[in-house]
Amino acid sequence: MVSPEEQLARPAVQTRPARTRMTGTQRREQLIQIARTLFAERGYEAASIEEIAQRASVSKPVVYEHFGGKEGLYAVVVDREMSRLLEMVTNALTKNRSRVRVERVALALLSYVEEHTDGFRILVRDSPVAAPDGTYSSLLNEAISQVAHLLAADFSKRGFDPGLATMYAQALVGMVSTTATWWLDERTPSKEVVAAHLVNLCWNGLTNLEANPELGDD
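As the structure is a prediction and not an experimental result, all values here were calculated from the model.

> Please explain the UniProt feature "DNA-binding region" (unreviewed entry) in the protein chain as it appears in this structure.
Per the UniProt annotation, the sites labelled "DNA-binding region" (unreviewed entry) are residues 48-67. Across residues 48-67 one finds 80% helix and 0% strand; the C-alpha atoms that close the span lie 13 Å apart.

This is the structure we're talking about:
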């Protein structure tokens, strides 16, 4: 029989707190967030299911169970980022007068770069060959389509050929997109200053647009 003195001399047995088990929804969300970070850090090809599982402290079969593989997980991450960015751009295109729309689109894209840097890095990287259409290029095509619609109406009012609106939309969206990609690493000047200068170039160019421009002589 153990005496009270011996009981006091024994070290207390520490019990580990019960580990909270994630629900399927919580686990799926955890894997998406981990994969998002890893895809942004290394790109699709360099990221691996092994590391995603390791960071989540689960086995590889758990990842396969939720997404079927790396490609399926990547598709979910890209789809989320596409939806977020498209919503921001679409909201900017459907409100306010013409110049303010252009300003808001430029600022929306730069804000997305600033607030969701990992997401933007994922979108501008090369997608796997078998990836679905949800890529940055398809998002830009959607933006081009909406801008072309706005420009066509404006061209018609001014007596310009509305058939050229798509070409101008390609140029405008391409300029904003390329600048946003550059600003991803620069981060200076501020997004507001960058947006203002982009619109300065876009809008003043459109304001003084010639109906039938020609190349100059040598």
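> Can you walk me through the packing of aromatic side chains in this structure?
Both the distance between ring centres and the angle between the ring planes are used here to describe each pair of aromatic rings. As enumerated under the stated definition, the model contains six aromatic pairs in all. Centroid distance Phe-39 to Tyr-44: 6.1 Å. Interplanar angle 25°. Geometry classified as stacked. Given the relative accessible area of 1%, Phe-39 is considered buried. Taking the centre distance of 5.2 Å and the plane angle of 85° together, the rings of Phe-39 and Tyr-74 count as edge-to-face. Placement of the pair is Phe-39 in helix H2 (residues 24-46) and Tyr-74 in helix H5 (residues 70-93), with a sequence separation of 35 residues. Among the aromatic side chains, those forming a connected cluster through ring pairs are Phe-39, Tyr-44 and Tyr-74. Lying across the ring of Tyr-44, Lys-70 places its NZ or CZ 4.5 Å from the centre. The ring of Trp-183 carries Arg-187 above its face, with NZ or CZ at 5.2 Å from the centroid.

> Explanation requested: the nonpolar core in the structure shown.
Considering soluble globular proteins, one finds that nonpolar side chains tend to be buried as a cluster. If you look at the biggest cluster of nonpolar residues, it comprises 59 residues, and the most contacted ones within it are Phe-39, Val-63, Leu-73, Leu-85, Phe-120 and Tyr-136. Those residues in contact with Val-63 that sit more than four places away from it in its chain are Leu-31, Ile-49, Ala-53, Val-58, Gly-68 and Leu-73.

> When you look at the packing of helix H9 (residues 165-186) against helix H10 (residues 191-207) in this model, what are you seeing that I'm missing?
Each pair of packed helices can be described by the angle between their axes along with the distance between the axes. One can describe the packing of H9 onto H10 by two numbers: an axis separation of 11 Å at closest approach and a directional angle of 160°. It follows that H9 is roughly antiparallel to H10 by the angle criterion. Viewed along their axes, H9 and H10 form a crossing whose handedness is right-handed. Counted together, Leu-172, Met-175, Val-176, Thr-179 and Trp-183 of H9 and Lys-191, Val-194, Leu-198, Leu-201, Cys-202 and Leu-206 of H10 form the full contact between these two elements.

> Would you explain the pattern of salt bridges in this entry?
Close approach of charged atoms lets side chains of opposite charge pair. Under the defined criterion, the tally for this structure stands at ten salt bridges. Between Glu-51 and Arg-55 there is a salt bridge, with the nearest N and O atoms lying 3.0 Å from each other. Here the residue Glu-51 and the residue Arg-55 both occupy positions in helix H3 (residues 49-56), the gap between them amounting to four residues, near one helical turn. You can call Arg-55 partly exposed: its relative accessible area is 36%. A salt bridge links Arg-121 to Asp-185, with the shortest nitrogen-to-oxygen separation between them at 3.3 Å.

Reading guide: rules and limits
- Residues numbered from 1 in each chain as written.
- Predicted model: local features only at pLDDT ≥ 70, side-chain atom pairs only at ≥ 80, totals over all residues.
- Heavy atoms only, no water.
- UniProt positions renumbered as here; feature names shortened; annotations may be inferred.
- Helix = DSSP H or I, 4+ residues; strand = E, 2+ residues; numbered from the N terminus.
- Phe/Tyr/Trp six-rings, centres within 6.5 Å; stacked < 30°, edge-to-face > 60°.
- Buried < 20%, exposed > 50% of the residue type's maximum accessible area, 1.4 Å probe, protein only.
- Lys NZ or Arg CZ within 6 Å of the ring centre and 35° of its normal.
- Core = buried A, V, L, I, M, F, W, Y, C linked by side-chain atoms within 4.5 Å.
- Contact = heavy atoms within 4.5 Å.
- Axes fitted to C-alpha atoms, helices over the stretch in contact; angles between N-to-C directions.
- Parallel < 35°, antiparallel > 145°, perpendicular 65-115°, else oblique.
- Left-handed = near helix turned anticlockwise from the far one by under 90°.
- Salt bridge = Lys/Arg side-chain N within 4 Å of Asp/Glu carboxyl O.

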